[in-house]
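Each chain, written out:
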There are 2 protein chains.
Amino acid sequence: MIDLRPVIFIVGLLLSTLGCAMLLPAIVDLAFGNEDWIAFAGAAATTLFAGMGMSLATRTDDARLTTRSAFLLTTIAWIALAAFAALPFLWTDPGFNYTDAFFESMSGLTTTGATIVLGLDFRPPGLLLWRALLQWLGGIGIIVMAIAVLPMLQVGGMQLFRMESSDTSEKILPRAAQIAGSISLIYVGLTAICMLGYYVAGMRLFDALTHAMTTIATGGFSTHDASFAFFDSTSIEMLSVLFMILGSLPFVLYLRAMRGNAGALYKDTQVRWFSITLVVFIIILGLFAWGNPEVDPERGWRHVIFNVVSIMTGTGYASTGYDNWGPFAIAFFFMIAFVGGCAGSTSCGIKIFRFQVIFTNITQHANRIIYPNGVFVNRYNGNVLPDHVSASVMGFMFLFFLVFGLLSAGLSLTGLDTLAALSSAASAIANVGPGLGELVGPASNFKNIPDSAKWIMSIGMLLGRLELFTVLVLFNPHFWRS
Amino acid sequence: MIDLRPVIFIVGLLLSTLGCAMLLPAIVDLAFGNEDWIAFAGAAATTLFAGMGMSLATRTDDARLTTRSAFLLTTIAWIALAAFAALPFLWTDPGFNYTDAFFESMSGLTTTGATIVLGLDFRPPGLLLWRALLQWLGGIGIIVMAIAVLPMLQVGGMQLFRMESSDTSEKILPRAAQIAGSISLIYVGLTAICMLGYYVAGMRLFDALTHAMTTIATGGFSTHDASFAFFDSTSIEMLSVLFMILGSLPFVLYLRAMRGNAGALYKDTQVRWFSITLVVFIIILGLFAWGNPEVDPERGWRHVIFNVVSIMTGTGYASTGYDNWGPFAIAFFFMIAFVGGCAGSTSCGIKIFRFQVIFTNITQHANRIIYPNGVFVNRYNGNVLPDHVSASVMGFMFLFFLVFGLLSAGLSLTGLDTLAALSSAASAIANVGPGLGELVGPASNFKNIPDSAKWIMSIGMLLGRLELFTVLVLFNPHFWRS
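Here is what the cut-offs are and how they apply
- Residues numbered from 1 in each chain as written.
- Chains lettered and ligands numbered in written order.
- Predicted model: local features only at pLDDT ≥ 70, side-chain atom pairs only at ≥ 80, totals over all residues.
- Heavy atoms only, no water.
- Helix = DSSP H or I, 4+ residues; strand = E, 2+ residues; numbered from the N terminus.
- Rg over C-alpha atoms; globule rule 2.2 N^0.38 Å.
- Contact = heavy atoms within 4.5 Å.
- Areas by Shrake-Rupley, 256 points an atom, 1.4 Å probe, with all protein chains shown as cover.
- Lys, Arg positive; Asp, Glu negative; His and termini not counted.
- Charge placed at Lys NZ, Arg CZ, Asp CG, Glu CD.
- Polar contact = N/O pair within 3.5 Å; in protein donor to acceptor, adjacent residues only side chain to side chain.
- Least-squares fit on C-alpha atoms with pLDDT ≥ 70 in both.
- Salt bridge = Lys/Arg side-chain N within 4 Å of Asp/Glu carboxyl O.
- Core = buried A, V, L, I, M, F, W, Y, C linked by side-chain atoms within 4.5 Å.
- Buried < 20%, exposed > 50% of the residue type's maximum accessible area, 1.4 Å probe, protein only.
- Expected span 1.5 Å × (residues − 1).
- Axes fitted to C-alpha atoms, helices over the stretch in contact; angles between N-to-C directions.
- Left-handed = near helix turned anticlockwise from the far one by under 90°.
- Phe/Tyr/Trp six-rings, centres within 6.5 Å; stacked < 30°, edge-to-face > 60°.
- Lys NZ or Arg CZ within 6 Å of the ring centre and 35° of its normal.
- pLDDT = per-residue confidence, 0-100.
- Disulfide = S-S within 2.5 Å.
- Buried area = accessible area lost by both parts, 1.4 Å probe.
- Patch = residues over 30% accessible without salt bridge, like charges linked within 9 Å, V, L, I, M, F, W, Y side chains within 5 Å.
- Parallel < 35°, antiparallel > 145°, perpendicular 65-115°, else oblique.

*Asks:* How do you make sense of the overall build of chain A when you look at a structure like this?
*Replies:* Along its length, chain A carries 21 helices and two strands. Scaling as 2.2 N^0.38, a compact globule of 482 residues should have a C-alpha radius of gyration of about 23 Å, and chain A matches this with 22 Å. Projected onto the principal axes, the alpha-carbon positions of chain A cover approximately 75 × 65 × 50 Å. Sequence-distant contacts in chain A: of pairs separated by 6 or more residues, those separated by 24 or more amount to 72%. Here chain A has roughly 17700 Å² of accessible surface; of this, 67% comes from carbon and sulfur atoms. Positive and negative side-chain charges in chain A, numbering 24 and 27 respectively, have mean positions lying 14 Å apart.

Structure below.
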């Protein structure tokens, strides 16, 4: 049997942290004289009570976190955090049922950015801050997880990012704590710089804070229904582009750069490919938009750059109704949503390194076809790429599209039209945010889809964020055998 | 340098065969007193002249067909055959330009079944026979290629189907000739039985012949605009289901069964998976259609079985406007189109064995995650599955979806709406036939899409039929180095 005590202990600690975080919107709403502070305080008390109770009940000295309990921990933690983070939504908005609240909090924690809240511009600051905080906490959570936990779990090729060959399960906690410390400092620093930039560029202080949080987390929640179109400012949009990109690069490289290895960022093959891909996508869509009457010619390139970066990094801000640019643009945005950023960043999707691994394998296959007796060694970032890592990556890709297909089929069954079903499934699994089309497009909102569709999307967001295998391995009967 | 003489020699022989085949519709049209016989006779003369000229000019005694020339041969042969097979379309229909004619002949030879011909019911028999003949010849061509050529070329995992480890390029021609002989007999036999069945079930003799040809080839060309809805007969549809399935199984197994190994078909893992998948798909869609008012309740299961088999095997007949069954059915048909039949059959798509290989690899990955030090050996049909074959298969899958994405984007750029672009791209690469939606759905026709879209689809059909790598390897610079 798997020892559940350390799992519950850590989930308890995480919930307690979440409970403390709920006090921030409570204080803000209290300061602004808004009644919602009671809901936040109540949710904080509930969450703290549950979290501390779990931790106290399972405190033990001889607990070891095995690989299997790490899998359980990851999945349970994410679900439990979303379940409690939903309480403030449930208790502040009479129009929300628990499905809506869970959808919103899962969308926040997974940095997806799909929203159910209508009329953001008229909402009290506590709720808006809570949405931003969820994405911000989810963002740092996912970075720490991608650096410290996933490589050890060998999920979908993430073993490429093991720091040392001696990584063992016993070291997870101390390592996670140590990395979380340094990376969190960088994360806070980047958020502060971004906020300052937004403020100087003309945002109100509150907007600057909340948007800085959701930008660096590549989350996409805004405090305005019109998203970035509300500000209509070139400098704000270009700042956002910069920090969405910074949020999509591997955060360990910032650590290395701070420690004197300034070339680390420049030399990393994943960063290079990500940059090139982004530029190519911008050029393609830019050339298309150039002659397109739907795109304002004055602002064509500005909108192209902003929205390509926003969708490819999985942020999900919109500076204009880009889904009105015609079928090519729709197909284009649909596809780049799958790409995502780098491993070890806040962005989601398939991620650049997986495309690199697959490209390497296709090249090798094409060469082997021509020289059947030749020996070709695959490499990644200068190191030999073992076949079993390639197999993991390709298994991941296949599972990704399989899950995408099942999510689309499920969403269709709930009555969504084809474009809405396909784009919502893609948006959930790649943690992007908006779908495409009238019902769920960037100008719309997920409030109007059926409850069953909201649960399907919540599952999709969780699976996408946890790299599929982390969750699905729990359904393997072998997992539960001793 | 690659010795082009044997390539041109064989292409010449194939063209000469095609030229002879053109005499059949010429004779039929002459017998029915239709003027089109002149166009067919002219096309036959042109094709025979070109083919025999090519063969005579390159006849040599010391020619060897190397692996590289086999790649060139496969691609060039398919393009050349389509280019000449287009002539009768161009010369009999004043509404056809060469783009239309090439599209129709490529759609025929690749057994796709997407058509540009309007008003099939009022067309002279020569033209209708020519369309059926093209699919029938394409069908046997692809079987022989899949058995004799592709395994040696090691394309996309087809090396799994090598007959002996001693296969070398020198043996291609005699082996191809030997296999082509036995398999062709079986192919002719199955076609004859199918024709007899259709005739007994109530088709006119001409319809029975042409539909038997396009059924066993899983092609999908009909002699009526309404496709199988024209006959509206349960027995005809169930006969068609049987022979579409027979066309989707590996033809070598029929050879083994004829030679006394009757269990070969039953024991083959690919046949088992194909059957199970088909049944599961029918049940899923059947349960969906059960409560759906768009589906005639009297005929629900009949239409479900017929159209699922038709789309999954890549045939493309329609017994009803199944794209009016709502968004779930559309998404469902869209996805099963990718699946396809077995390797070594006339059907196209990704093919069952690739899903098996990937499933095996995902299971292995999931087990390795749980037991990082365990040793797991992948197997296929009882034999060890080498890692490089898995890599080939997964490389193929990825390239398949990449090409699908590029085709969709290209089709969108020509102005097709999103559903039409996505479904036409899927239909082309998986050699299915009809797309989805008003413009290109089963009730419609590809006549109305722009010329550029027709060329993009022709490229897609060719790539899909030749398992992508066979064509794309020609663009690898290594291919052309000595």
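From this point on, the discussion continues.
*Asks:* Explain the side chain of T215 of chain A here, please?
*Replies:* Residues and elements named next belong to chain A. Position of T215 relative to the elements: it lies in helix α8 (residues 205-216). Here Y198 takes part through its side chain, which lies 2.8 Å from a polar atom of the side chain of T215. At 2.4 Å, the side chain of T215 forms a polar contact with the backbone oxygen of H211. Not counting residues within four places of it along the chain, the set of residues in contact with T215 comprises C194, Y198, S240, F243, M244 and Y317.

*Asks:* Would you explain the relation of the copies chain A and chain B in this entry?
*Replies:* Here two copies of a chain appear, and what relates them is a rotation about an axis with a shift along it. Its rotation angle being 180°, the transformation that places chain A on chain B also includes 0.0 Å of axial translation and leaves an RMSD of 0.0 Å. Those values place the two copies in the arrangement expected of a two-fold rotation axis. Among all residues of chain A, the minimum C-alpha distance to the rotation axis is found for M394 of chain A, at 3.1 Å. Both copies share a contact surface, since 98% of the interface residues of chain A are interface residues in chain B too.

*Asks:* Even after reading the chapter, I still don't get the pattern of salt bridges, so can you show me in this structure?
*Replies:* Pairs can form between side chains of opposite charge once their charged atoms are near each other. Enumeration over the complete set of coordinates arrives at 22 salt bridges over all chains. The network of salt bridges with common partners includes D100, K447, D451 and K454 of chain A.

*Asks:* In this structure, what is going on with the nonpolar core? I would like to understand it.
*Replies:* The nonpolar side chains of a soluble globular protein tend to be buried with one another. Counting 338 residues, the largest nonpolar core has W130, L285 and V308 of chain A together with W130, L285 and V308 of chain B as the members making the most contacts within it. For L285 of chain A, the contacting residues outside a window of four places in its chain are V304, V308, W325, F328, A329, F332 and F333 of chain A.

*Asks:* Explanation requested: helix α1 (residues 5-31) of chain A in the structure shown.
*Replies:* Note on helix geometry: an α-helix contains 3.6 residues per turn, so any two residues three or four positions apart are oriented the same way. An ideal rise of 1.5 Å per residue puts 39 Å on 27 residues; α1 of chain A measures up with 40 Å between its terminal C-alpha atoms. G33 of chain A sits one or two positions beyond α1 of chain A and adopts a positive phi of about 70°.

*Asks:* Is there a simple way to explain unusual backbone geometry in this structure?
*Replies:* Comment: phi is negative for the bulk of residues other than glycine, and the bulk of peptide bonds are trans. For L468 of chain A, which is not glycine, the phi torsion reads 55° and is therefore positive. With respect to the helices and strands, the residue L468 of chain A is situated in the loop between α19 (451-465) and α20 (469-472). Judged by its relative accessible area of 0%, L468 of chain A is buried. The phi dihedral of K351 of chain B falls on the positive side, at around 85°, and the residue is not glycine.

*Asks:* Can you help me understand the packing of helix α15 (residues 352-370) of chain A against helix α16 (residues 387-413) of chain A in this one?
*Replies:* The packing of two helices is summarised by the inter-axis angle and the distance between the axes. All names here are of chain A. Close contact between α15 and α16 brings their axes to 10 Å; oriented N to C, the two are set at 115°. In terms of crossing hand, the pair formed by α15 and α16 is left-handed. Residues F353, R354, F355, V357, I358 and N361 of α15 form the contact with α16, whose own contacting residues are S390, V393, M394, F396 and M397.

*Asks:* Would you take a moment to explain the packing of aromatic side chains for this structure?
*Replies:* Any two aromatic rings considered together are summarised by their centre-to-centre distance and by the angle between their planes. Taken as a whole, this structure holds 63 aromatic pairs over all chains when the rule is applied. A ring pair is formed by F40 of chain B and W130 of chain B, whose centres lie 6.4 Å apart and whose planes are at 75°; its orientation type is edge-to-face. Highlighted residues: F40 of chain B in helix α2 (residues 37-57) and W130 of chain B in helix α6 (residues 125-153), separated in sequence by 90 residues. F40 of chain B sits in the buried class, given a relative accessible area of 0%. On the basis of relative accessibility, which here comes to 0%, the residue W130 of chain B falls in the buried class. A connected cluster of aromatic rings, assembled from ring pairs, spans F334, F338, F396, F400, F401 and F404 of chain A together with F334, F338, F396, F400, F401 and F404 of chain B. In this structure, R131 of chain B is placed above the aromatic ring of F221 of chain B, and the distance from its NZ or CZ to the ring centre is 4.0 Å. R354 of chain B extends its terminal NZ or CZ atom over the ring of F396 of chain B, reaching a point 3.5 Å from the ring centre.

*Asks:* Looking at this structure, how should I read the confidence of the model for chain A?
*Replies:* Regions with low pLDDT should not have their predicted coordinates read in detail. For chain A, mean pLDDT is 88; residues scoring 70 or higher make up 96% of the total. For this predicted complex, the interface confidence comes out at an ipTM of 0.72, alongside a pTM of 0.83.

*Asks:* What should I look at first to understand the state of the cysteines in this one?
*Replies:* Formally, a disulfide is one covalent bond, and it connects the sulfur atom of one cysteine to the sulfur atom of another. Residues and elements named next belong to chain B. As enumerated under the stated definition, the model contains zero disulfides over all chains in all. Unpaired in terms of disulfides, C194 finds its nearest cysteine sulfur in C342, a separation of 18 Å. Of the residues examined, C194 reaches a relative accessible area of 1% and is grouped as buried. Between C342, a cysteine without a disulfide, and C348, which holds the nearest cysteine sulfur, the sulfur-to-sulfur distance is 13 Å. In this structure C342 comes out as buried when scored by relative accessible area, which is 0%.

*Asks:* Explanation requested: the interface of chain A and chain B in the structure shown.
*Replies:* Accessible area lost upon the coming together of the parts serves often as the stated size of an interface. Counting residues at the interface gives 49 residues for chain A, matched by 48 residues for chain B. Here chain A and chain B share an interface that buries about 4200 Å² over both sides, 76% of which is from carbon and sulfur atoms. In terms of surface lost to chain B, no three residues of chain A exceed H365, I369 and I370 of chain A, which account for 15% of the buried area on that side. At the boundary of chain A with chain B, the tally comes to zero salt bridges. Elements supplying a minimum of two residues to the side of chain A that touches chain B: α3 (67-85), α14 (327-339), α15, α16, α17 (418-429) and α21 (477-480) of chain A. When residues of the side of chain A that touches chain B are assigned to their parent elements, the largest contribution, 14 residues, is made by α16 of chain A.

*Asks:* Mind showing me how you'd approach helix α17 (residues 418-429) of chain B here?
*Replies:* The first and last C-alpha atoms of α17 of chain B sit 17 Å apart over twelve residues, in line with the 16 Å expected at 1.5 Å per residue. Of all twelve residues that make up α17 of chain B, eleven are buried, and the element is covered over most of its length. Its buried side turned inward, α17 of chain B meets α14 and α17 of chain A together with α14 (327-339), α16 (387-413) and α18 (451-465) of chain B. Its side-chain oxygen 3.2 Å from the backbone nitrogen of L419 of chain B, D417 of chain B forms the N-cap of α17 of chain B.

*Asks:* Would you mind going over a nonpolar patch on the surface with me for this structure?
*Replies:* Residues V279, I283, L287, W290 and W301 of chain A make up a contiguous nonpolar surface patch of about 570 Å² in total accessible area. Take W301 of chain A: it is sitting in helix α13 (residues 300-312).

*Asks:* Got a minute to help me understand the environment of S222 of chain A in this structure?
*Replies:* All names here are of chain A. Within the secondary structure, S222 is located in the loop between α8 and α9 (234-247). The buried category is assigned to S222, whose relative accessible area is 6%. For the pair formed by S222 and S16, sequence separation is 206 residues and the distance between their alpha carbons is 26 Å. Leave out the neighbours within four places in its chain, and S222 touches L120, R131, H211 and S227.

*Asks:* Sorry, what's going on with the side chain of T223 of chain A here?
*Replies:* All names here are of chain A. Within the secondary structure, T223 is located in the loop between α8 and α9. Looking at T223, the relative accessible area reads 5%, which means it is buried. For T223, the side chain forms a polar contact with the side chain of H224, separated by 3.4 Å. In this view, T223 contacts L120, D121, L128, F206, D207, T210 and H211; residues no more than four positions away in its chain are not counted.

*Asks:* Help me out: how do you make sense of the packing of α1 of chain A against helix α6 (residues 125-153) of chain A in this one?
*Replies:* Residue and element names in this part refer to chain A. Viewed as axis vectors pointing N to C, α1 and α6 meet at an angle of 150°, and their least axial separation amounts to 8 Å. Taken together, α1 and α6 sit at an angle that is classed as roughly antiparallel. Two packed elements cross with a definite hand, and for α1 against α6 that hand is right-handed. Note on element contacts: α6 touches α1 through P125, G126, L127, L129, W130, L133, L134 and L137, opposite L18, A21, M22, L24, P25, V28 and D29.

*Asks:* What's the story with the environment of R123 of chain A in this structure? I'm lost.
*Replies:* All names here are of chain A. Along the chain, the position of R123 falls in the loop between α5 (98-109) and α6. The sequence separation of R123 and V304 amounts to 181 residues, and the corresponding C-alpha distance is 30 Å. When near neighbours in sequence (up to four residues on either side) are disregarded, R123 contacts D93, V117, L118 and L128. At 3.1 Å, the side chain of R123 forms a polar contact with the backbone oxygen of L118.

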